[in-house]
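# Residue-level structure breakdown
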Amino acid sequence: MTIVTKTAEPVVTRISGPIVTAVGMYAAQMYEVVQVGSLGLVGEVVRLVGDYATIQVYEDTTMLKPGAPVRCTGAPLSVWLGPGLVGSIYDGIQRPLPGIEARSGAWIRRGEKVDPLDTEKRWTFEPLISSGEMVTAGQAIGLVVETPLVNHRIMTPPDISGTVRSIVDKGDYGLLDPLAVIETATGPREVTMLQRWPVRVPRPISERLRITEPLITGQRIIDTFFPIGKGGAAAIPGGFGTGKTITQHQLAKWSDAEIIVFIGCGERGNEMTDVLREFPELKDPRSGRPLMERTILIANTSNMPVAAREVSIYTGITLAEYYRDMGFSVAVFADSTSRWAEALRELAARLEEMPAEEGFPASLPTRLAQFYERGGAVTTLAGEQASVSIVGAVSPPGGDFSEPVTQHTRRFIRCFWALDTELANARHYPSIHWLHSYSEYVEDVASWWKKEAPDWIDLRTEALTLLQREDRLQQIVKLVGPDVLPDGQRLILFIAEIIKDGFLAQSAFDENDMYCTPERQVMLLRIILTLYRRGRDLIQGGVPLARIRSLGCVPHLLRAKTAFGNRELEKLTELEGRIMEETETLAKEYAKEATPICTPLLT
Amino acid sequence: MHATFDVEDHGLQYVGASRIDGPLVVVERIRDVGYDEIVEILDYAGRPRLGRVLDISVTQAVVQVLEGTTGLSNQSLHARFLGESFRLPVSRQMLGRVFDGLGRPADGGPSALSAERRDVNGMPINPYARRYPREFIQTGVSAIDGMNALVRGQKLPVFSGNGLPHDRVSAQIVRQARLLEEEVEFSIVFAAMGVKHDVAEFFIRNFRDSGALARAVMFFSLADAPSVERLLTPRVALTLAEHLAFDCGQHVLVLLTDMTNYCESLREVGTARGEIPGRKGYPGYLYSDLASIYERAGRIEGSPGSITQIPILTMPSDDISHPVPDLTGYITEGQIVLDRDLFQRGVYPPIAGLPSLSRLMKDGVGKGYTREDHPILASQLFACYAYVKRVRGLADVIGEEELSTLDKQYLKFGEAFEMRFLNQGEYENRSIETTLELGWDVLSTLPKDELHRVSDALLKKYYHEKEEAPICATPLQGA
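Residues numbered from 1 in each chain as written. Chains lettered and ligands numbered in written order. Predicted model: local features only at pLDDT ≥ 70, side-chain atom pairs only at ≥ 80, totals over all residues.

What follows is about the overall build of chain B. What chain B contains, in helices and strands, is 13 helices and 23 strands. With respect to the principal axes defined by its C-alpha atoms, chain B has extents near 100 × 50 × 40 Å. Within chain B, the fraction of its 479 residues that count as buried is 52%. Taking the contacts inside chain B whose residues are at least 6 apart along the sequence as the reference set, 71% of them involve residues at least 24 apart. (Helix = DSSP H or I, 4+ residues; strand = E, 2+ residues; numbered from the N terminus. Buried ≥ 20, exposed ≤ 12 C-beta atoms within 10 Å, placed from the backbone. Contact = placed C-beta atoms within 7 Å.)

What follows deals with the pairing of strand β7 (residues 60–65) of chain B. Residues and elements named next belong to chain B. Counting buried positions along β7 gives five out of six residues, so the element sits mostly inside the fold. When strand β4 (residues 24–28) meets β7, the two strands line up antiparallel, connected through five bridges. Each bridged residue has a counterpart across the sheet, and for L24 the counterpart in β7 is Q64. Inspection of the sheet shows strand β6 (residues 48–57) paired to β7 by five bridges, in the antiparallel sense. In the strand pairing of β7, G51 is matched with V65. As consecutive antiparallel partners, β6 and β7 are separated by two residues. (Pairing = 2+ DSSP bridges.)

All names here are of chain B. Across the sheet, which stays open at both edges, the three strands sit in the order β14-β13-β16 with antiparallel pairing between neighbours. Taken across any chain shown, the strands that pair with only one partner, and hence form the sheet edges, are β14 (150–151) and β16 (178–179). In terms of strand pairing, strand β13 (residues 136–138) meets β16 through two bridges, oriented antiparallel. Directly across from Q138, in β16, lies its bridge partner R178.

Residue and element names in this part refer to chain A. Here strand β7 (residues 78–81) shows a clear split, with V79 and L81 buried on one side and none of S78 and W80 buried on the other. Where β7 meets strand β17 (residues 195–198), four bridges bridge the pair, whose relative direction is antiparallel. Bridge assignment links S78 to a residue of β17, and that residue is P198.

What follows is about the packing of helix α12 (residues 487–504) of chain A against helix α13 (residues 518–540) of chain A. Residue and element names in this part refer to chain A. Relative to each other, α12 and α13 sit at 165°, their axes nearing to 10 Å. As far as their axial angle goes, α13 and α12 are roughly antiparallel. You can see that α12 and α13 cross each other, and the crossing is right-handed. Residues D487, G488, L491, I495, I498, I499, G502 and F503 of α12 form the contact with α13, whose own contacting residues are L524, L525, I528, L531, Y532, G535, R536 and I539. Split by residue class, the contact of α12 with α13 holds 11 nonpolar, three polar and two charged. (Axes fitted to C-alpha atoms, helices over the stretch in contact; angles between N-to-C directions. Parallel < 35°, antiparallel > 145°, perpendicular 65-115°, else oblique. Left-handed = near helix turned anticlockwise from the far one by under 90°. Nonpolar A, V, L, I, M, F, W, Y, C, P; charged D, E, K, R; others polar.)

Residue and element names in this part refer to chain A. In this model, chain A carries an average pLDDT of 92, and 97% of its residues clear a pLDDT of 70 or more. Of all the helices and strands in chain A, helix α4 (residues 269–278) carries the lowest mean pLDDT, 87, while strand β23 (residues 376–379) carries the highest, 97. Counted against residues more than four places away or in other chains, residues 1–6, with its pLDDT under 50, gives four contacts. (pLDDT = per-residue confidence, 0-100.)

Residue and element names in this part refer to chain A. Structurally, chain A comprises domain 1 (11–76), domain 2 (118–193), domain 3 (207–444) and domain 4 (456–593). Opposite the 13 residues of domain 2 that make contact, domain 3 presents 10 residues. Of all the secondary-structure elements, those providing two or more residues to the side of domain 2 that touches domain 3 are β11 (140–147) and β12 (150–155). Sorting elements by how many residues they give to the side of domain 2 that touches domain 3 places β12 first, with four residues. For the side of domain 2 that touches domain 3, a count of residues per class yields seven nonpolar, five polar and one charged. (Domains from an automatic or database assignment.)

A few words on the environment of V20 of chain A. All names here are of chain A. Looking at the element boundaries, V20 is found in strand β2 (residues 19–23). With 466 residues separating them along the chain, V20 and P486 place their C-alpha atoms 71 Å apart. In contact with V20, not counting residues within four places along its chain, are V12, R14, I15, V36, G43, I55, V57 and T61.

Residues and elements named next belong to chain B. Across the nine residues of helix α7 (residues 323–331), nine count as buried, placing the element largely inside the fold. Within α7 the residues assigned to the buried category are P323, V324, P325, D326, L327, T328, G329, Y330 and I331. Buried residues belonging to α7 abut β15 (158–160), α5 (259–272), α6 (286–294), β21 (306–314) and β22 (334–337).

All names here are of chain B. According to the domain assignment, chain B consists of domain 1 (5–85), domain 2 (88–364) and domain 3 (374–466). One C-alpha centre belongs to domain 2, the other to domain 3, and the line joining them spans 32 Å. Among the secondary structure elements, those contributing two or more residues to the side of domain 2 that touches domain 3 are α1 (142–147) and α2 (166–176). Per-element accounting of the side of domain 2 that touches domain 3 gives the leading share, five residues, to α1.

Residue and element names in this part refer to chain A. The sheet built from four strands is open, its strands ordered β12-β11-β9-β14 with antiparallel pairing. If you trace the sheet from one side to the other, it starts and ends with β12 and β14 (171–173), each paired once. Across the sheet, the mean angle from the axis of one strand to that of its neighbour is 40°, orientation sign disregarded.

If you look at the interface, chain A gives 61 residues, while chain B gives 62 residues. Breaking the side of chain A that touches chain B down by element, the ones donating at least two residues are β1 (11–16), α1 (97–104), α4, α6 (337–350), α11 (456–480) and α15 (553–563) of chain A. Considering every element that reaches the side of chain A that touches chain B, the biggest residue donor is α4 of chain A, with seven residues. Considered class by class, the residues forming the side of chain A that touches chain B number 28 nonpolar, 18 polar and 15 charged. Alignment of β1 of chain A against β6 of chain B, held across two bridges, turns out to be antiparallel. Bridged to R14 of chain A within β6 of chain B is S57 of chain B.

Spelled out as structure tokens, the structure:
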């Protein structure tokens, strides 16, 4: 290859969908942002060969012509970080959707350029340091109340540390106003509220920590059976119609993370509208404030350009890392990572890369690993404990979990919530299957639960064992019917039904049921298992199962999850008392009758 | 292959191509041509056909010829680049007309007169500008209204199989669809891709008989039309639908049939271009491509109109995990699945109870929309019917006689659900109240205690008390 020294003005030479080739790009950098054509379509350099650059364009390239000018910006694709992010909704390359609407109406026109944050808006800045002090990289120099839920810390960028030469007084400042001057080893540097950070580069941390605390989601099957730790990574795979999105929405609504980043990546437009409509109205169960005050939305729906879909994941995680650096616990929900992987595949195919499994590029596992590894529990540069938890939805074609995206994702997550079509068909939601799912965080969070409810781990194990035994018994039932089973085994079937209907199935729309506190979760399960233990004893005492089934408390137990709210725990205690009473009466009745020594288990 | 060109009114005309391969033509030494630009290709006799640019470099353009390449030759072909992407003149006057797959009159009438010409690719709707769809559409079909309700602005496909009555079902939906409170009639935009003439005939006849023809626009790219043309047909149809909905403020029902044929055309072109195939040979971008069609449904804040989409597709060998239904299901807001088993037992419409789903139902039914008990009733029917399937499996093995009393009741319920609730006449238009009453009627064949999902208050209000006492509670007391 000849080395080109003299470069003419860069121009487009070839267009194939979102992939554009340009010549005169000898000085361009990998992943540099460029503006293509007279409309200035935003693109990113993804390959450099001699004087030619391959550009991935984030907007529709219709009627772009060879010979159109290309303008280099000299910087990689970066996001703006500063107050005003929370409560915003962005597209994949951090353009605010309301801003685009204001300029081009209901349809997204090409070449629109809107600043991610409002540079005019003034925020009240309260300094935390004074001049002459030493500051380290990532240290908070002041506070801005971003929303009633978020105290935004203005930090020194990760590459700035030294002595504070000057700092402004408390007052109202814009994003670009200099707030402090820091004397660094390489000279004085100004600090403003605004930082920029390249999306493909993880923000630095001090060290990684072990996960010890669960991310409480208020969803019984998750918190009690398959918990995710703060800083953990989980996947929700499921075919269409199994409720991935609803489950993701539930988690985004009720998780006890301080900041939520929701990435709608290649999914339906109406779903994002649903979030936009619902989140400002819903109240955070802990603070009572609107959920939108802690949420950032990234919406790159399926009909928006595919290259922007690829980058939306990185945009989202970078915003999450920024809030993590302030010491917050952040949760990222990506719906769906399969659409992201498909964007990778589509772009790789246009770049004529050699495909690996099912046409996906060979780099798919690396890319997935890079994404999930940006989560974690950490000590920040400022020395605080913080976390980024990641929950990625996976949409396997045909609901088949052996496809590459699901398989590779499994390698980089430790919590797997497998959605099941059969459960979804029976409208059992969340349709997370108790036998196919797992969590490797159980041990990590057990000590936290021990303080909350000492018997959590035992209840969990007992319930899961019951469900496993029920599954085996169902194999027999399928062949010969339930009537031939002895009452002891039929009791297991009966209790398993109660666990499924009365505990695991949880309505996302019922006021009492949509969010279940850890305390109530454990109580509910404890009561169900009380009935099981009492029932077991009764059957041994010769009581037929039919009598246990028709106990007055059973329908109440099944409806307890919706009948009582999180603050009505005493009603659950009452119910438990009733179970004890009724089973006691039954036991007495049979104790009188059962004088014969041997009661055969015939019904 | 020496390209010469002469200047005409449209600009440059190129003579000769370097390669013709399937639907693709490669034109060399081009100047000032854009990506996705429309090309007019003239054959040796000067007859024009349309094409569009798929890939373009400084020296050559790859053109996809929409009307087939039969009769074109490298030597004599003329190519004229029209300087814009594919546009459709749109106007309200197009209602009541029939057009071909590219939007040209096919009923002998004049071309649509309009200054408004729209790019058929459309633009993505800003999710921030969307209005969440929530007005219930009564279709008069119990299986849909009761269990999988359709709302205005939704995209709800019909998954069918060869030989199943999807045409009749969708014609019935179009005929009966209306809103509960308003007397607004839907405008209908109908696009047929690769279907046979008699299917087109069926719809025309049906629309005429029901008087819907005057407010319908039809685009036909029938089975004998060049397959590549189909790639534009749904886009052409939706471009007009967008005009009617968001410029003229109408409520538009868009019927697209059959999406499987559309996907096959896409595969054909992909293969001809030498693209790396994905699952079953379909291109890797099938999802994005389908999304660019299906996502053109919905409502927009501040606009009175709406687009409701009912795409119809046939599942090859009834396989719901085939890429076409699979990817469609991931984009659309639910699916109405037709079931061969029900069909063979004479149930019409044979809408499968369990795999059918409407994602937007939750927001369009219930108190303030239809009736308070609607969501719970649907959920309970689903749960009970799911159990019926299990009992039937069991009955196949051990025989019906061996089942418990309760399980036998479930079988009865299943029978009643299918024959009375699902089953209805092709011209029977049930109001939502009728559907809900029927639902309770069927549900009341089961004892009250089995209806775990229904609250006591609703049970008291809607459960049809039967003469016989619920089983197991009292008789066993004395055991």
